[in-house]
Amino acid sequence: MNLAVSPSLEQPSLPPHAAALPMVTARQRVLAVGLVGPGRVGSALLDQLRTAQPRLARAGLELKLCGVTASRRMWLDADDPELNGRYGGAQTWRPSNLDEFAAHVRGNDGRHALLIDCSASEAVASRYAEWLAQGVHVVTPNKLAGSGSFPRLQAIRAACVSGARFRYEATVCAGLPVVQTLRDLLDTGDELLAVEGMFSGTLAWLCHRHNGSRPFSALVREAHALGYTEPDPRDDLSGLDVARKLVILAREAGWALSLEDVQVQSLVPPELAAMSPEEALENLHLLDRAMAREVASAQTQGSVLRHVASLDAKGHASVRLAMLPASHPFAHSRLTDNIVQFTTHRYRDNPMLVQGPGAGPEVTAAGIFADLLRIAESLEVR
């Protein structure tokens, strides 16, 4: 099946150097791929895979899209050979069944198979260990597995003895190489001492734009219209998503951190938190008074407001709105930039910074795509 999908999205052009890749040799690796969650990120990923397909084929890798499943429906190539770029309008579909979907992608011919979870579903995350134990690779931006219960994460790691890989770069700072950078530091014998960062592209944008000239609620509405926030902006403003990212990094370093250990400052007042999503969108003005005080206080001190997550050497973890001096590296962020600062044994005096855009479906999809390619590089020809 072709990897064309979501024709409403503009097709990115290949970079000029892509045509210079060598032609494929006679032996080619084939990777069967199934996608869970064809939302904004999933659709962007399928576009990227489709665009890269000719280049990857020349380099010896064939990506075979075997199916797409949403929460209620799944489309399998065996059902509709004309699926191609119209999975949402395909005439043939089945009710979603994760067991059937995984079995279809895995096949019975010993092929390499990979499942990509672009959902935010607990039900899907709970299947990772089972899929990995069956030899199916898993790539995901879903933070629930990496920041959830320890027993589930331990089961996922144990299941990788099958030889399957579990990759989750896009769970932290979208497409930025944050998890891989930390993994490289640790694998080469370095020791993590502390981590600090701006882990939310949404909150980075809001803090950067909030100078008191407009109500904070107006900026939240603008960010929502631009697609920077979750459908319910309170999911960003609560700080819980940032806390999950901090937990994922801590666990990557071998620190036994759980969400309950993170002190989280929510920007959502209790009365707004108690409302339905629809009511909350109508009452975002309840954010304004407290945020106006925060920005005024920062300006009085010659500081800037930034949303910062931190974990120190003693295991103290927090997510909060911080007033930082103009000289601080985080004070110079731009738009939706994420910044992660690693203080390690080697980088003790001059911490390592990873910085770049941290919001948007295309950027997140690129992080997932990079994980897929890292797995594909290790595959033998079958």
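See above for the structure.
All values derive from a computational prediction rather than experimental measurement. (Residues numbered from 1 in each chain as written. Predicted model: local features only at pLDDT ≥ 70, side-chain atom pairs only at ≥ 80, totals over all residues. Heavy atoms only, no water.)

Colleague: Please explain the sheet that holds strand β11 (residues 317-325) as it appears in this structure.
Modeller: Sheets are built from strands that pair by backbone hydrogen bonding, the pairs being arranged parallel or antiparallel. The sheet built from six strands is open, its strands ordered β9-β11-β10-β8-β12-β13 with mixed pairing. This sheet does not close on itself; its edge strands, each paired only once, are β9 (262-264) and β13 (352-357). On average, each strand axis in the sheet is inclined to that of its neighbour by 30 degrees, with strand direction left out of account. In this structure, β9 lies alongside β11, joined through three bridges in parallel fashion. Paired with Val264 across the strands is Val319, a residue of β11. Where helix α7 (residues 178-187) meets the sheet, its contacts fall on β8 (192-198), β12 (337-344) and β13, and the angle it forms with β12 comes to roughly 10 degrees. (Pairing = 2+ DSSP bridges. Helix = DSSP H or I, 4+ residues; strand = E, 2+ residues; numbered from the N terminus. Axes fitted to C-alpha atoms, helices over the stretch in contact; angles between N-to-C directions. Contact = heavy atoms within 4.5 Å.)

Colleague: Is there a simple way to think about the pattern of salt bridges in this case?
Modeller: Note on pairing: side chains with opposite charge can pair once their charged atoms come close. A complete count under the given rule lists twelve salt bridges for this structure. Among the salt bridges present, the one from Asp99 reaches Arg127, with a minimum N-O distance of 2.6 Å. On the criterion of sequence distance, the pair formed by Asp99 in helix α2 (residues 98-106) and Arg127 in the loop between α3 (122-125) and α4 (128-133) is long-range, its members being 28 residues apart. On the basis of relative accessible area, Arg127 is assigned to the partly exposed category, the value being 23%. Linking Glu122 and Arg152 is a salt bridge whose minimum nitrogen-to-oxygen distance equals 2.7 Å. Of this pair, Glu122 sits in helix α3 while Arg152 sits in helix α6 (residues 150-159), and the two are 30 residues apart along the sequence. Classification of Arg152 by relative accessible area gives buried; the value is 17%. A single network of salt bridges, built from pairs that share partners, joins Lys143, Asp241 and Lys245. (Salt bridge = Lys/Arg side-chain N within 4 Å of Asp/Glu carboxyl O. Buried < 20%, exposed > 50% of the residue type's maximum accessible area, 1.4 Å probe, protein only.)

Colleague: Please clarify how the nonpolar core should be interpreted in this entry.
Modeller: In summary, soluble globular proteins display a tendency toward joint burial of nonpolar side chains. Judged by nonpolar contacts, the single largest core of 75 residues is most densely connected at Leu249 and Phe342. With seven residues, helix α11 (residues 240-252) is the largest single contributor of residues to this core. Excluding anything up to four places from it in sequence, Leu249 contacts Val172, Val178, Val179, Leu182, Val195, Phe199, Val340 and Phe342. Leu45, Leu61, Leu63 and Ile116 belong to the second largest nonpolar core, which has 25 residues in total. (Core = buried A, V, L, I, M, F, W, Y, C linked by side-chain atoms within 4.5 Å.)

Colleague: Which parts of the structure should I look at to understand the environment of Gly37?
Modeller: On the secondary structure map, Gly37 appears in the loop between β1 (29-36) and α1 (40-58). For the pair Gly37 and Val68, spaced 31 residues apart in sequence, the C-alpha separation works out to 7.5 Å.

Colleague: Any chance you could explain the pairing of β1 here in plain terms?
Modeller: As a general feature of sheets, a regular strand has side chains that alternate between the two faces. A large share of β1 lies buried, amounting to seven of its eight residues. Two strands pair when backbone bridges link them, and β1 and strand β2 (residues 61-69) are joined in this way by eight bridges, in the parallel orientation. From the neighbouring strand, Ala32 faces β2, where its bridge partner is Lys64. Bridge count between β1 and strand β5 (residues 112-117): six bridges; the pairing is parallel. Residue pairing in the sheet places Ala32 in a bridge with Ala113 of β5.

Colleague: Help me understand the packing of aromatic side chains in this model?
Modeller: Taken as a whole and assessed by the stated rule, the structure comprises four aromatic pairs. Ring plane angle 45 degrees and centroid distance 5.6 Å describe the contact between Tyr128 and Phe166, whose orientation is recorded as tilted. Of this pair, Tyr128 sits in helix α4 while Phe166 is found in strand β7 (residues 166-167), placing the two residues 38 residues apart along the sequence. A relative accessible area of 12% means that Phe166 is categorised as buried. Taken together, Tyr128, Trp131, Phe166 and Tyr168 form an aromatic cluster joined through their ring pairs. One cation-aromatic arrangement involves Arg183 over Tyr168; the distance from NZ or CZ to the ring centre is 5.7 Å. Above the face of the Phe150 ring, Arg251 is positioned so that its terminal group lies 4.0 Å from the ring centre. (Phe/Tyr/Trp six-rings, centres within 6.5 Å; stacked < 30°, edge-to-face > 60°. Lys NZ or Arg CZ within 6 Å of the ring centre and 35° of its normal.)

Colleague: Is there a simple way to think about unusual backbone geometry in this case?
Modeller: Residues other than glycine predominantly adopt negative phi, and peptide bonds predominantly adopt the trans conformation. For Cys173, which is not glycine, the phi dihedral falls at a positive 65 degrees. As for its placement among the helices and strands, Cys173 is situated in the loop between β7 and α7. Although it is not a glycine, Leu335 adopts a positive phi angle of roughly 50 degrees. In this structure, Leu335 sits in the loop between β11 and β12. In this structure Leu335 comes out as partly exposed when scored by relative accessible area, which is 43%.

Colleague: Would you take a moment to explain the sheet that holds β2 for this structure?
Modeller: As summarised here, the arrangement of the seven strands in space is β4-β3-β2-β1-β5-β6-β7, forming an open sheet in which the pairing is mixed. Both outer strands of the open sheet, β4 (94-95) and β7, are each paired with one neighbouring strand and no more. Of the strands in this sheet, β1, β2 and β5 touch α1, which is tilted by about 155 degrees from β2.

Colleague: Before we go on, may I ask you to explain the packing of α1 against helix α15 (residues 361-377) in this structure?
Modeller: When two helices pack together, their arrangement is given by the angle between their axes and by how far apart the axes lie. Close contact between α1 and α15 brings their axes to 8 Å; oriented N to C, the two are set at 50 degrees. One way to sum up the angle between α1 and α15 is to call them oblique. Between α1 and α15 lies a crossing whose hand is right-handed. Here Arg40, Val41, Ala44, Leu45, Gln48, Leu49, Ala52 and Leu56 of α1 lie close against α15, whose contacting residues are Pro361, Glu362, Thr364, Ala365, Ala366, Ile368, Phe369, Leu372 and Leu373. Each residue belonging to the contact of α1 with α15 can be placed in one class, and the counts come to 13 nonpolar, two polar and two charged. (Parallel < 35°, antiparallel > 145°, perpendicular 65-115°, else oblique. Left-handed = near helix turned anticlockwise from the far one by under 90°. Nonpolar A, V, L, I, M, F, W, Y, C, P; charged D, E, K, R; others polar.)

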